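Reading the structure
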Amino acid sequence: MTIRRLDPILADRIAAGEVVERPAAAVKELVENALDAGASRIDVTIENGGQSLIRVVDDGAGMDEADLRLCVERHATSKIPDGDLTNIATLGFRGEALPSIGSVARLEIQTRQKNAPQGARIEVEFGSVGEVKPAALPPGARVEVRDLFAATPARLKFLKSTRAEAQAVADVVKRLAMANHGVRFSLGGDGLAGFDYQACPDGFDGLLTRLTQVLGREFRENALQVDAAREHLRLWGFAGLPTWHRANAAAQYVFVNGRPVRDKLFAGAIRAAYMDFLGADRHPTLALFLDCPPRQVDINVHPAKAEVRFADSGLVRGFVIGALKQALASALHRATPSLAPRALDQFAQTRSAAPQNWDWRASPAAPVQQMQQTPIFAFEESAPAADARPHQEPAPEQAVEAPLGAARAQIHETYIVAQTQDGLVLVDQHAAHERLVYEKLKKQRAEAGVARQALLSPFIVDLDPGDAARLVEAEPLLASLGLAIEPFGPGAVAVHETPAELKIGALDALIRDLACSLAEEGAAAPLEKKLDHVLATMACHHSVRAGRRLTSEEMNALLREMERTPGAGQCNHGRPTYVELKLADIEKLFGRK
């Protein structure tokens, strides 16, 4: 078969398949052009999910007639003046977007420079370029795309529903709005909830205002500021508290030199930073901005510029993990405030669900008739579920002023009730102590190794042969954590030493859980991840169990240690360790306000 040159219009349509795969991709290219032109306001309008109409209006620098004629030609761009692809400081640079869009749609561009007496317009209809004509419009540009993919009907079959395409457009505009909080963005059209984000001032306050506009008020309440620098890198933005998480990673926004990216490097770094706080099936919400010299990152590795490649990816990954861990550690015991409204809603639903003809005498909590003749003591098995003995040994008055307040009672021998200056705190004693022990063990391991204590006689644990083999194989790892074991015949191990910090009652249960943890991690898991997983298992077995009665001193000591410990707002499994209820909210619950 003879080789021939493709028709230019056909070549443009082939290129459009990479650059403009859906309406959202066309919107992204047009909005990026507006940002590169220095626009301070960008208005986007779509119809039928972007298939019938895409209109982008901006107040940027505009173009003259000569540039307008060139901008619809392939590989014509103003953004690489010296031809150096390793030093790109703009969002667009290939010069393919406008000719690619014009080859598969009806494209009209109107533009005017600030001091020009009049504007100019040009039309491109499915690859056929018209003449430049005069136009009347304010300074900036107005780009309209109609009947997208009408020239390539096969492409239309692969588009999703109108609503799904409209939501994809909204997601693109929101990401670009987050990366440019000094620009006003608006989006309107059918099939979506439009928005109008006002321009925000520079700095972290302005960025947080824009992120609140996009992600909602809850993000502001749960956001931790991130600001770190190393060598030529800077990472800044906001990361969500570990107790405020989602079922997927859709709310993770990462930007490299102002460019929205979806990159596996960042996904892995975020997962590693939150590994101590979240379960494998939960994901944090965050918006991070990485600034680096353009020569240190290659943005020309993906047709849609959605991925990047760094000159030193290991340095970037380690830097991102370290910066996030530092921000999370600075939060100490802080937990998401959205837990309180959920708890109050549960109380309100329970109250509203009570029948109108409810009789208190039929309640399980109704007092017995012989209560005065047969007093019930707190130490008896029939003791009430709430233990208010801390009132007999009152906590110091200044304890109420502490963030987690002063312990007032223990209920169901599981939860601690503490009084703060403006409300109360309900603490899960097991989850809280588990996190404290885990952090203490990690600190010991990092500083001088975990201290050991020798057993008077070896403790023999019978296991499945496979589990026993995994434990023996991990003997050096366990020894570094203060647990000395050795094989003891087929399917058994002997434990000689345990970590001194742990007072473990059921040693056999710990060994079996460690075997399961090693099986879950697998041989290919990083050593640090294995160590942390083993430490978490040890901490869970050592921590104060539900059902253990605590004294006033023990409860208050637990609260004070939580206030000093990073990550104390959630246990090792990502569950919250406490819920804080404000007095004003409690009064509303009882109709006092």
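Up top you'll find the structure we're talking about.
The following refers to the structure shown. Predicted model only: the values in this text are computed from it and were never measured.

Scoring rules and cut-offs
- Residues numbered from 1 in each chain as written.
- Predicted model: local features only at pLDDT ≥ 70, side-chain atom pairs only at ≥ 80, totals over all residues.
- Heavy atoms only, no water.
- Buried < 20%, exposed > 50% of the residue type's maximum accessible area, 1.4 Å probe, protein only.
- Helix = DSSP H or I, 4+ residues; strand = E, 2+ residues; numbered from the N terminus.
- Arc of directions from axis to C-beta.
- Polar contact = N/O pair within 3.5 Å; in protein donor to acceptor, adjacent residues only side chain to side chain.
- Pairing = 2+ DSSP bridges.
- Axes fitted to C-alpha atoms, helices over the stretch in contact; angles between N-to-C directions.
- Contact = heavy atoms within 4.5 Å.
- Phe/Tyr/Trp six-rings, centres within 6.5 Å; stacked < 30°, edge-to-face > 60°.

1. Observations concerning helix H13 (residues 465–473)
Within H13, burial applies to Asp 467, Ala 468 and Leu 471. The buried residues of H13 occupy one face: seen down the axis, they fall within an arc of 100 degrees. Exposed side chains of H13 directed beyond 90 degrees from the buried face belong to Pro 465 and Glu 473. Two or three places before Gly 466, at the opening of H13, Asp 464 has a side-chain oxygen 2.9 Å from that residue's backbone nitrogen.

2. Examining the sheet that holds strand S24 (residues 484–487)
Neighbouring strands of a sheet are bound in pairs by backbone hydrogen bonds; such pairs are parallel or else antiparallel. As summarised here, the arrangement of the three strands in space is S23-S25-S24, forming an open sheet in which the pairing is antiparallel. The open sheet terminates on both sides in strands that have one partner only, identified here as strand S23 (452–462) and S24. Each adjacent strand pair in this sheet contributes to an overall mean axis angle of 15 degrees, direction not counted. Direction of pairing for S23 relative to strand S25 (residues 492–499): antiparallel, over a ladder of seven bridges. Its bridge partner being in S25, Ala 454 is matched across the sheet by Glu 497. Relative to S25, H13 is tilted by about 40 degrees, and along the sheet it contacts S24 and S25.

3. So, the side chain of Thr 565
The topology assignment puts Thr 565 in the loop between helix H17 (552–564) and strand S26 (578–582). When near neighbours in sequence (up to four residues on either side) are disregarded, Thr 565 contacts Leu 332, His 333, Leu 436 and Glu 439.

4. Quick word on the side chain of Glu 32
Turning to its location among the elements, Glu 32 is positioned in helix H2 (residues 23–36). Judged by its relative accessible area of 0%, Glu 32 is buried. At 2.9 Å, the side chain of Glu 32 forms a polar contact with the side chain of Lys 28. Here Glu 32 is in contact with Leu 91, Leu 176 and Lys 305, once residues within four sequence places are set aside.

5. Some details on the environment of Leu 137
Note that Leu 137 resides in the loop between strand S6 (133–135) and strand S7 (140–146). Sequence separation between Leu 137 and Arg 121 is 16 residues; the distance between their C-alpha atoms is 10.0 Å. Beyond its immediate chain neighbours, meaning those up to four positions away, Leu 137 contacts Gln 110, Thr 111, Arg 112, Gly 119 and Arg 142.

6. A short note on the environment of Arg 69
Within the secondary structure layout, Arg 69 lies in helix H3 (residues 65–70). Taking the relative accessible area as the measure of exposure, Arg 69 reaches 42% and is therefore partly exposed. Expressed as a C-alpha distance, the spacing of Arg 69 and Val 132, which sit 63 residues apart in the sequence, is 6.8 Å. Discounting chain neighbours no more than four positions away, the residues touching Arg 69 are Ile 122 and Val 132.

7. Some points on the packing of aromatic side chains
Here the structure, examined in full by the defined rule, presents seven aromatic pairs. Judged by centre distance (4.2 Å) and plane angle (10 degrees), the rings of Phe 195 and Tyr 197 are stacked. Here Phe 195 and Tyr 197 have matching classes, each one buried. Each ring, one from Phe 204 and one from Trp 236, has its centre 5.9 Å from the other, and the planes form 90 degrees; the classification is edge-to-face. On the criterion of sequence distance, the pair formed by Phe 204 in helix H7 (residues 203–215) and Trp 236 in strand S11 (residues 233–240) is long-range, its members being 32 residues apart.

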